[in-house]
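# Observations on the model geometry
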Amino acid sequence: SEPVVYGEQTAFFYPQVAATDEGPVLLGSVDRDPNRNAELVHLDWEGNVLLWEAFPAIEGESWAFDMQPLRSDDWSRLAIARTKHPFEGYLRAIEFWSYDTKRRELTRHSSYEADHAEERSFASAGKFWMRDDAAPLFLNEPGSSQVVAWSGDFLTGGDARLDPLPRTRVSDFGYPGIRSLFFPSLLHGSIADARGLRPVAVDVSRPGIDREVDGDRCAFLLWWLRAE
């Protein structure tokens, strides 16, 4: 089949693609935009644009790294996580949005702010863990030293609770900090074992590495995670 061309060639940084009954939905930060502002594009299965919408721009960097269906049996409502890092000041935010593929509506539901100087990675990118039989979780903290799980009503603007995951503090293993977080999902490979465990992994900077000599080397750590 021929590739679908829906507009001017635009590179997305870490794009997300959800194949829904109402057509593919693409989410990503625009690579040519110095602010990396995110856009959402909804196509029909013939390649026609049904909706093309940019998230509200800010004076700073804005990233959208994850998009997941709220339930595995209903892909008409997609949850989206977006971060906002202003160029000036220390106040950063993480926002939770949703996109309704049937109504073609992009909606912001909640925004949580924190002082970057005091909570360095509060508004860092992360990954959803959507669970059909329980409330969703959100895992983040790249740039810090420990993976944290969000729980509660963070998708609707209610009370949110942040709990560090046991035994994921990378400084305990001799590494200075987390660079990126990996968590499989319906969009990125749904890996689970028979006990209901899910893998969560990070890549970490290696101590004592001279980038000029050794390059940008890192190490990879993986844990099996259970939510009760």
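Along each chain, residue indices are assigned from 1 in the same order as the chain's sequence is written. Local features are withheld for residues below a pLDDT of 70 in this predicted model, meaning they are given only at 70 or higher, and side-chain atom pairs are given and counted only at 80 or more; totals for whole chains, interfaces and linings count all residues. With hydrogens and water set aside, each side-chain value is computed from the structure's full complement of heavy atoms.

## Quick look at the packing of aromatic side chains
A pair of aromatic rings is counted whenever rings of Phe, Tyr or Trp (Trp by its six-membered ring) have centres within 6.5 Å, and the orientation is called stacked for planes under 30 degrees apart, edge-to-face for over 60 and tilted otherwise. Evaluated as defined, the whole model comprises 14 aromatic pairs. When the ring of Trp63 is compared with that of Phe65, the centres are 5.5 Å apart and the planes differ by 10 degrees; the resulting orientation is stacked. Relative accessible area serves as the criterion here: at 18%, Phe65 is assigned to the buried category. A centroid spacing of 6.3 Å and a plane angle of 80 degrees characterise the contact between Phe138 and Trp150, whose relative ring orientation is edge-to-face. One end of the pair, Phe138, is in strand β10 (residues 137-140); the other, Trp150, is in strand β11 (residues 148-152), with 12 residues separating them in the sequence. Accessibility assignment for this pair places Phe138 and Trp150 in one class, buried. Here a set of aromatic residues connected by ring pairs shows up, and it is made of Phe96, Tyr112, Phe128, Phe138, Trp150 and Phe154. The ring of Trp129 is capped by Arg131, whose NZ or CZ atom sits 5.7 Å from the centre of that ring. Burial classification: accessible surface area is computed with a 1.4 Å probe over protein chains only, and a residue below 20% of its type maximum counts as buried, one above 50% as exposed, and the rest as partly exposed. Secondary structure elements follow DSSP: runs of H or I of four or more residues count as helices, runs of E of two or more count as strands, with numbering from the N terminus. By the criterion adopted, a ring carries a charge over it if an Arg CZ or a Lys NZ lies within 6 Å of its centre and within 35 degrees of its normal.

## Considering unusual backbone geometry
Unlike most non-glycine residues, Arg104 shows phi in positive territory, near 55 degrees. Within the secondary structure, Arg104 sits in the loop between β7 (91-100) and β8 (105-115). A positive phi is found at Arg167, a non-glycine position, where the angle reads about 65 degrees.

## As for the side chain of Asp100
Following the sequence through the fold, Asp100 ends up in strand β7. Buried and without a salt bridge, Asp100 has Arg103 as its closest oppositely charged side chain, separated by 4.3 Å. A polar contact of 2.9 Å, which involves the side chain of Asp100, links it to the backbone nitrogen of Arg103. Contacts between residues were defined by any pair of non-hydrogen atoms, one from each residue, lying within 4.5 Å. Setting aside residues no more than four positions away along its own chain, Asp100 makes contact with Ser76, Arg77 and Glu105. Positive: Lys, Arg. Negative: Asp, Glu. His and the chain ends are not part of the count. Definition used for salt bridges: Asp or Glu carboxyl oxygen within 4 Å of a side-chain nitrogen of Lys or Arg. Under the rule applied, a polar contact is a pair of N or O atoms within 3.5 Å (in protein, one hydrogen donor and one hydrogen acceptor; residues adjacent in sequence only if both atoms are side-chain atoms).

## Side note on the sheet that holds β7
The strands making up a sheet associate through hydrogen bonds between their backbones, and the pairing can be parallel or antiparallel. Judged by pairing direction, the sheet is antiparallel, and its 4 strands sit side by side in the order β5-β6-β7-β8 without closing on themselves. Strands with a single pairing partner mark the edges of an open sheet, and in this sheet they are β5 (60-71) and β8. Averaged over all pairs of adjacent strands, the angle between their axes in this sheet comes to 20 degrees, without regard to strand direction. For two strands to count as paired, DSSP must find a minimum of two bridges between them. Looking at chain direction, β7 and β8 are connected through 10 bridges and run antiparallel. Bridging from a neighbouring strand, Trp97 pairs with Arg108 of β8. All axes here are fitted lines through C-alpha atoms, helices being fitted over the stretch that makes contact, and every angle between N-to-C directions spans 0 to 180 degrees.

## Re the side chain of Gln146
Looking at the element boundaries, Gln146 is found in the loop between β10 and β11. Take Gln146: its relative accessible area is 11%, and that puts it in the buried class. Polar side-chain contacts of Gln146 include one of 3.0 Å to the backbone oxygen of Leu165. Separated by 2.8 Å, the side chains of Gln146 and Arg169 make a polar contact. In this view, Gln146 contacts Asn140, Glu141, Pro164, Leu165, Thr168, Arg169 and Ile178; residues no more than four positions away in its chain are not counted.

The values reported here are purely geometric and, on their own, carry no functional implication.
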